[in-house]
Amino acid sequence: MVRTVVIGGGAAGIAGARTLHDAGRDVLLLEAGDRLGGRAHSLSLKSLFSREGGSPDWTPAFAGEHVDAGCGWLHSAKRNPWTNTAEATGFSVDRSDANWRTQWRDLGFPHEDQTASATAYQDWNQRALAALEGPDRPLSDFIAPDDKWRPKIDAISGYANGANLTQVSLYDWAAYENAATDDNWTVKEGYGTLVTSYAAGLNIRLSTPVTRIDHSGRRLKLDTPVGTIEADHVVVCVPTTVLARSQIVFDPPLPDKHAAAADLPLGLADKVFLHVDRPEWPTNAHLIGNPYTACTASHRLSPFGWPIVESFFGGDCAEMLEDGGAAQFAIDELVGLLGSDWRKRFTTLAATRWRHEPYIGGSYSHARIGRTGKRAVLAAPVDGRIHFAGEACHPFDFSTAHGAYETGVMAARAVIGACASIA
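Being a predicted model, the structure only gives us computed values, none of them experimental.

(A) A look at the packing of helix H4 (residues 111-130) against helix H5 (residues 150-161). Two elements in contact, H4 and H5, have axes whose closest approach is 10 Å; the angle formed by their N-to-C orientations is 65°. As summarised for this structure, H4 and H5 are arranged roughly perpendicular, according to the angle between their axes. Crossing hand, H4 versus H5: right-handed. Seen from H4, the contacting residues are Ser 117, Ala 120, Tyr 121 and Trp 124; seen from H5, they are Lys 152, Ile 153 and Ile 156. A breakdown of the residues in the contact of H4 with H5 according to their chemical character gives five nonpolar, one polar and one charged.

(B) Molecular detail of the sheet that holds strand S14 (residues 298-301). Across the sheet, which stays open at both edges, the five strands sit in the order S13-S14-S15-S12-S16 with antiparallel pairing between neighbours. Looking at strand neighbours, the two that pair on one side only are strand S13 (285-288) and strand S16 (346-351), the edges of this open sheet. For this sheet, the mean angle separating the axes of adjacent strands, direction not counted, is 25°. With five bridges connecting them, strand S12 (residues 269-276) and S16 associate as antiparallel partners. Across the sheet, residue His 275 finds its bridge partner in S16, namely Thr 347. Contacts between H5 and the sheet are confined to S13, S14 and strand S15 (308-314), with S15 contributing the most and set at about 100° to the helix.

(C) How the structure looks around the state of the cysteines. For the structure on display, the rule yields one disulfide. Note on cysteine connectivity: Cys 295 is disulfide-linked to Cys 317, with sulfurs 2.1 Å apart. Taking the torsion about the S-S bond as the criterion, the Cys 295 to Cys 317 disulfide, at about 65°, is right-handed. Placement of Cys 295 in the loop between S13 and S14 and of Cys 317 in helix H10 (residues 315-321) is noted, with a sequence separation of 22 residues between them. A residue is classified by how much of its surface remains accessible, and Cys 317, at 4% relative accessible area, is buried. In this structure Cys 71 is not part of a disulfide, and its nearest cysteine sulfur, from Cys 237, lies 15 Å away. Of the residues examined, Cys 71 reaches a relative accessible area of 22% and is grouped as partly exposed. You can see Cys 393 has no disulfide; the closest cysteine sulfur is in Cys 237, sitting 8.1 Å from it.

Parameters at a glance
Residues numbered from 1 in each chain as written. Predicted model: local features only at pLDDT ≥ 70, side-chain atom pairs only at ≥ 80, totals over all residues. Heavy atoms only, no water. Axes fitted to C-alpha atoms, helices over the stretch in contact; angles between N-to-C directions. Helix = DSSP H or I, 4+ residues; strand = E, 2+ residues; numbered from the N terminus. Parallel < 35°, antiparallel > 145°, perpendicular 65-115°, else oblique. Left-handed = near helix turned anticlockwise from the far one by under 90°. Contact = heavy atoms within 4.5 Å. Nonpolar A, V, L, I, M, F, W, Y, C, P; charged D, E, K, R; others polar. Pairing = 2+ DSSP bridges. Disulfide = S-S within 2.5 Å. Buried < 20%, exposed > 50% of the residue type's maximum accessible area, 1.4 Å probe, protein only.

Written as structure tokens, this is what we have:
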């Protein structure tokens, strides 16, 4: 028997287990998949180039460098706990501007349209925030269906929320919007690399899904493929998809948890990574593929000066492309802006499919309309012994790795407090 079991090896589970371990507590971290990190997952550039048959001249330059298949930005970086962890452990934090509002060379997006688009976004934003004293509504209520810039704002919602405007709660969006800051930084070695490095020295079992938690007796009993594990406390740090699908069964049942998870579904954001021969843009340049449609990619050009493009899709557009075609879509958009001669200069390195990832099934949570209060329901402990953590449990930093971190630490501290009161 162990005193505390943490279920889920993503940012929340790692932060919770680390907090318990560093406090001298007996803790075991169980991860259903075959790797740590969950939605924080870095890919080695060297391995991507080698896999695609790239020139041997490329690979030595990228030894130790990574791109992020999942979370890649230290959002609200000045108050993000992962920023301090990165700097304290020798990771390279890049404070360069994300350039999301800049279209390199104004390609396909004239300057006057950029100005008009920005004004439309600010007007929509203000209308939405002004409605907070009324009932909850979908974000789509605050811009007309035929507004020229609605498709672009819909695309932005896809990137930010993993879902389009009709699916996102005003109250939920505003909670995040009012707390977030504009400092968005990156980690050269990979955000996923940073998150998984924080698990060093922990007691971990991979490929060990928990399918049932029996909390009917004095000790908790966790069913796994390798047998039953008993514990005094458990911290559940799994994506809402896992609970909504009842992949973990509670005995006695906890229907409120499953219902809350279903009301906090994971939206979708996917990425495509391309190698580009002889890039002509500066480091960290940016292009939006087509600012006049909701299905378009945000293209990050040469992060850290590397000869790659990271193309980002969200919401309905990502859903449509998950079964194939995302890489070709990204290349077609770039060629449409840069010219036909560029087609032969792009080589696909990787494409993510987060909806199909076992034990994950999506990217980050948003609340259904009228259901933002379900975050508190999901986060509430049960009987002082079963605790819940993860980005979806955070009241305003949901959808982020730092929100996951903070909920994991809070749950761990609750366990420590409970143990101290018993002692």
